[in-house]
Amino acid sequence: MEEKEKKNKNNAGETVIEVEKAPTESQDAESEKVLQETIQKIKETASEEDPRPSQQVNLRTILGGDILTAGMVRSQIWLFVLIVAYTIVYVAFRYQCQQDMQAIDKLETQLKDAKNKALAASSTLTEKCRESHVLDILQQNKDSLLHIADQPPYIIQIPE
């Protein structure tokens, strides 16, 4: 048997001599056997697959993120893709609808303004086209000798 001596100093400053004994062949074989058994047990228990999610779903598993295991996500990937697609379509349609509603409001205000302008122009034209107004303007400008008739119009009958 081999023995090795090591000299170390402890915290108190004293020199401590440690003696190590070299392992024997039987101890080497035993430690090798224990090591092999340990490696075998580790290989049996270790696996690269994800553990099966428990059937019990509660608030703790949801908030803890346990529900989002790789197997769960992989099995439901098309559902997630469908939800994302519907969400994108919903947002796009809502945005387009809001733009259309703003355009409709703008066009309605323009239509009201145009109707008001047309009504104002029509009333001004009606006022200016009245017979009495036309005659007054002609007399003020002294362009004509026309005046309002004092007698009603005659009905002339022509025999055929």
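Residues numbered from 1 in each chain as written. Predicted model: local features only at pLDDT ≥ 70, side-chain atom pairs only at ≥ 80, totals over all residues. Heavy atoms only, no water.

Trainee: Would you mind showing me how to read the overall build of the protein here?
Mentor: Broken down by element type, the protein carries 5 helices and 2 strands. Starting at the N terminus, the α and β elements of the protein follow one another as β-β-α-α-α-α-α. Each of the 160 residues in the protein was classed as buried or not, and the buried ones make up 1%. Taking contacts inside the protein between residues at least 6 apart in sequence as the whole, the part at least 24 apart equals 2%. Only carbon and sulfur atoms are counted for the fraction: they give 57% of the accessible area of the protein, which is about 15900 Å². (Helix = DSSP H or I, 4+ residues; strand = E, 2+ residues; numbered from the N terminus. Buried < 20%, exposed > 50% of the residue type's maximum accessible area, 1.4 Å probe, protein only. Contact = heavy atoms within 4.5 Å. Areas by Shrake-Rupley, 256 points an atom, 1.4 Å probe, with all protein chains shown as cover.)

Trainee: Honestly, a nonpolar patch on the surface in this entry has me stumped. Any pointers?
Mentor: Together, Ile77, Trp78, Leu79, Phe80, Val81 and Ile83 make up a nonpolar patch on the protein surface, roughly 600 Å² of accessible area in all. Relative to the helices and strands, Val81 resides in helix H4 (residues 77-129). (Patch = residues over 30% accessible without salt bridge, like charges linked within 9 Å, V, L, I, M, F, W, Y side chains within 5 Å. Salt bridge = Lys/Arg side-chain N within 4 Å of Asp/Glu carboxyl O.)

Trainee: What's the story with the confidence of the model for the protein in this structure? I'm lost.
Mentor: On average, residues of the protein carry a pLDDT of 81, and 78% of them reach 70 or more. Of all secondary-structure elements in the protein, the lowest mean pLDDT belongs to strand S1 (residues 3-9), at 57, while H4 reaches the highest, 96. (pLDDT = per-residue confidence, 0-100.)

Trainee: What should I look at first to understand the packing of H4 against helix H5 (residues 131-141) in this one?
Mentor: The description of two packed helices rests on the angle between their axes and on the distance between the axes. Contact geometry of H4 with H5 gives a least axis separation of 5 Å together with a crossing angle of 65°. Where H4 abuts H5, its residues Glu127, Lys128 and Cys129 lie against Glu131, His133 and Val134. Looking at the contact of H4 with H5 residue by residue, the class counts come to 2 nonpolar, 1 polar and 3 charged. (Axes fitted to C-alpha atoms, helices over the stretch in contact; angles between N-to-C directions. Nonpolar A, V, L, I, M, F, W, Y, C, P; charged D, E, K, R; others polar.)

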